[in-house]
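Take a look at the letters that make up each chain.
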Amino acid sequence: MVLAVARRHECHFAVLGGGTSPFKGASVADQGITIDLQRMRDVEFADGLDLRISVGGGARWADVYQTLDPKNMSAVGTRNSLTGGISFFSEHHGWACDSAVEFEVVLADSTVIKATQYANADLFWALKGGGNNFGIVTRIVLEVFRDPPRWYTFQLFNLGDLFTVFKRLENHTNTMIPHVWQIATTFGWHDPTQRFVISERMVASEQIELPDHVLRQAPDGTWEKSAVLQTNVYERPILSMAQKMDVMNAEGFYNFFGSVTVSSNAELLLALARVFQNEIDPIRDAKGLQVYIVYNPITVNAMNQMKKRGGNALGLLSENGPLTVVNINLHWSHKADETRMRKFMRQLIHRFRETASEMDMLNPYVFQNHAFEEQDVFSGYGAKNLAQLKDTRQKVDPDAVFQRLQPGFFKLEPKLTTAVEIKSEL
């Protein structure tokens, strides 16, 4: 009904599901129509099957974990399942979109259909990475699994150990430690102390042995021990750990995200860290500044998991792996700083891409969940996948309603996203 009204009056709209994207207009349509799915937050086991759950389009992952944690079960969670989704569990279960079994979708003509591997298979494939370009997803059936990992580790290292820490990440990305489900390295600017920090986190199914020191090469070429500055180990259910990590995304800040995908190589990861150090000066004095880089590995095994149920639209091929998704997180307090923050993000992404290209280690894929609003996401999926996505869009939305009237978030055909006259009265 609401979608039909927006279409009839050519009124722009947005769809509020979890509401986690920093992309302007993705969740709320200023002076337009916001279609709020927040009451559709039910989570229940699907059709009596104990390894599949049905999740309403307005649910957040906390709703899912509250249902699954007491049963010692979990699902591959992320910010947005329709755009890919790196997770704690990707090593063994792929990305969030790969766990989708069925989508319930409201199309542009207001009809409701279901898309699976066997019914409306082209739309099912397109929704696994294609974003909000095809319809409004009001329900997803997800595959779940038993015995999720419960061990989480955090280690803080000396800044002089940058290369050693990145080499650890490269080695673990090539050959994951037994019982470890996820590893990520974070390099950031700590505003309260005005210094850079380097840390590593792991998610594991068993308590793992962690080093109390690493080896660094001294100027004379010898190797010396360097103590780990801090080690924290937690045993917690998924919801509890997700809530602990969520403090990194405090409310009340302005945000930009950005993302670049590169080969998993310690020399390159170090070079990107040096670029970051060189570029931060113009924003260092901003109030409420929080800026950090998260290096997320994509292992070959994780990419093989993406082949389930006909694969996804992302264009990530295991023969090109392993890779590292380098995500930039930028938060600040005052709107007056937006212009220089945008310039910083634009410049940092350019320098990252330039550095990786010079080392012949840039991958075209751009992680849509974390991309900057100015980045070209879909060309990185590959020409064949992009053409297939556009064909599917033409089939299910021939009038390009979701291109023209829903401008928020990344569009398959941005030339169709024309300026729509704001209509506050219908």
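Residues numbered from 1 in each chain as written. Predicted model: local features only at pLDDT ≥ 70, side-chain atom pairs only at ≥ 80, totals over all residues. Heavy atoms only, no water.

*Asks:* So what exactly am I meant to see when it comes to the overall build of the protein here?
*Replies:* A tally of regular secondary structure across the protein gives 11 helices and 19 strands. On C-alpha atoms alone, the protein measures out to a radius of gyration of 22 Å, which is about the 22 Å that the 2.2 N^0.38 rule sets for 426 residues. Overall, the protein is about 75 × 50 × 40 Å in size when its C-alpha atoms are taken along their principal axes. Out of the 426 residues belonging to the protein, those deemed buried represent 55%. (Helix = DSSP H or I, 4+ residues; strand = E, 2+ residues; numbered from the N terminus. Rg over C-alpha atoms; globule rule 2.2 N^0.38 Å. Buried < 20%, exposed > 50% of the residue type's maximum accessible area, 1.4 Å probe, protein only.)

*Asks:* What exactly am I supposed to notice about the pairing of strand 11 (residues 180-190) here?
*Replies:* Successive side chains on a regular strand alternate, one facing one side of the sheet and the next facing the other. Of all 11 residues in strand 11, 10 are buried; the element is thus mostly enclosed. Pairing geometry for strand 11 and strand 12 (residues 195-204), over 10 bridges, is antiparallel. Of the residues in strand 12, the one forming a bridge with His190 is Arg195. Bridge analysis of strand 11 against strand 17 (residues 290-298) gives 5 bridges, and the strand direction is antiparallel. Note on strand 17: the bridge partner recorded for Phe187 is Ile293. (Pairing = 2+ DSSP bridges.)

*Asks:* I tried to follow the domain arrangement of the protein on my own but got confused; where do I start?
*Replies:* Size of an interface: often given as the accessible area lost when the parts come together. When its domains are assigned, the protein resolves into domain 1 (1-147 + 382-405) and domain 2 (151-379). One C-alpha centre belongs to domain 1, the other to domain 2, and the line joining them spans 26 Å. When the buried surface of domain 1 facing domain 2 is broken down by residue, Phe88, Glu91 and Trp95 rank first, second and third, together holding 23% of it. Taken together, domain 1 and domain 2 are joined by 2 salt bridges. In this assembly, domain 1 and domain 2 are joined by 17 residue pairs in polar contact (both at pLDDT 80 or more). Among the secondary structure elements, those contributing two or more residues to the side of domain 1 that touches domain 2 are helix 2 (61-68), helix 3 (90-93), strand 6 (100-106), helix 4 (121-127) and helix 10 (383-396). Tallying contributions element by element places helix 3 first for the side of domain 1 that touches domain 2, with 4 residues. Its residues assigned to classes, the side of domain 1 that touches domain 2 comprises 16 nonpolar, 20 polar and 8 charged. (Domains from an automatic or database assignment. Buried area = accessible area lost by both parts, 1.4 Å probe. Salt bridge = Lys/Arg side-chain N within 4 Å of Asp/Glu carboxyl O. Polar contact = N/O pair within 3.5 Å; in protein donor to acceptor, adjacent residues only side chain to side chain. Nonpolar A, V, L, I, M, F, W, Y, C, P; charged D, E, K, R; others polar.)

*Asks:* Can you help me understand the packing of aromatic side chains in this one?
*Replies:* How two aromatic rings sit relative to each other is set out by the distance from centre to centre and by the angle between their planes. The tally for this structure, following the rule as stated, stands at 21 aromatic pairs. Judged by centre distance (5.5 Å) and plane angle (15°), the ring pair of Phe187 and Phe196 falls under stacked. Judged by its relative accessible area of 0%, Phe187 is buried. Taken together, the ring pairs in this structure connect Phe88, Phe89, Phe145, Tyr152 and Trp181 into an aromatic cluster. Above the face of the Trp189 ring, Arg284 is positioned so that its terminal group lies 4.4 Å from the ring centre. (Phe/Tyr/Trp six-rings, centres within 6.5 Å; stacked < 30°, edge-to-face > 60°. Lys NZ or Arg CZ within 6 Å of the ring centre and 35° of its normal.)

*Asks:* Whenever I open this one, the sheet that holds strand 15 (residues 230-235) confuses me. Can you help?
*Replies:* Strand pairing in a sheet relies on backbone hydrogen bonds, with the paired strands running either antiparallel or parallel. An order of 15-10-12-11-17-18-16-19 is seen for the 8 strands of this open sheet, with the pairing classed as antiparallel. Two strands lie at the open edges of the sheet, namely strand 15 and strand 19 (362-363), each paired on one side alone. Pairing analysis gives 7 bridges linking strand 10 (residues 151-157) to strand 12, with the strands arranged antiparallel. When the sheet's bridge partners are listed, Tyr152 is paired in strand 12 with Val203.

*Asks:* It is not clear to me how empty space enclosed by the protein should be interpreted in this structure. Could you clarify?
*Replies:* Once rolled over the atoms, a probe with the size of a water molecule shows which space is left empty. Inspection of the entire model under this criterion finds 3 cavities of 30 Å³ or more. When residues of the lining of the largest cavity are traced back to their parent elements, those giving at least two are helix 3, strand 11 and strand 17. The two domains that each donate at least three residues to the lining of the largest cavity are domain 1 (1-147 + 382-405) and domain 2 (151-379). Empty space within the second largest cavity amounts to approximately 90 Å³. (1 Å grid on protein atoms, 1.4 Å probe; cavity = no way out; pocket = protein on both sides within 12 Å on 5 of 7 lines; lining within 4 Å. Points joined across faces, edges and corners; volume = space filled by probe spheres on them.)

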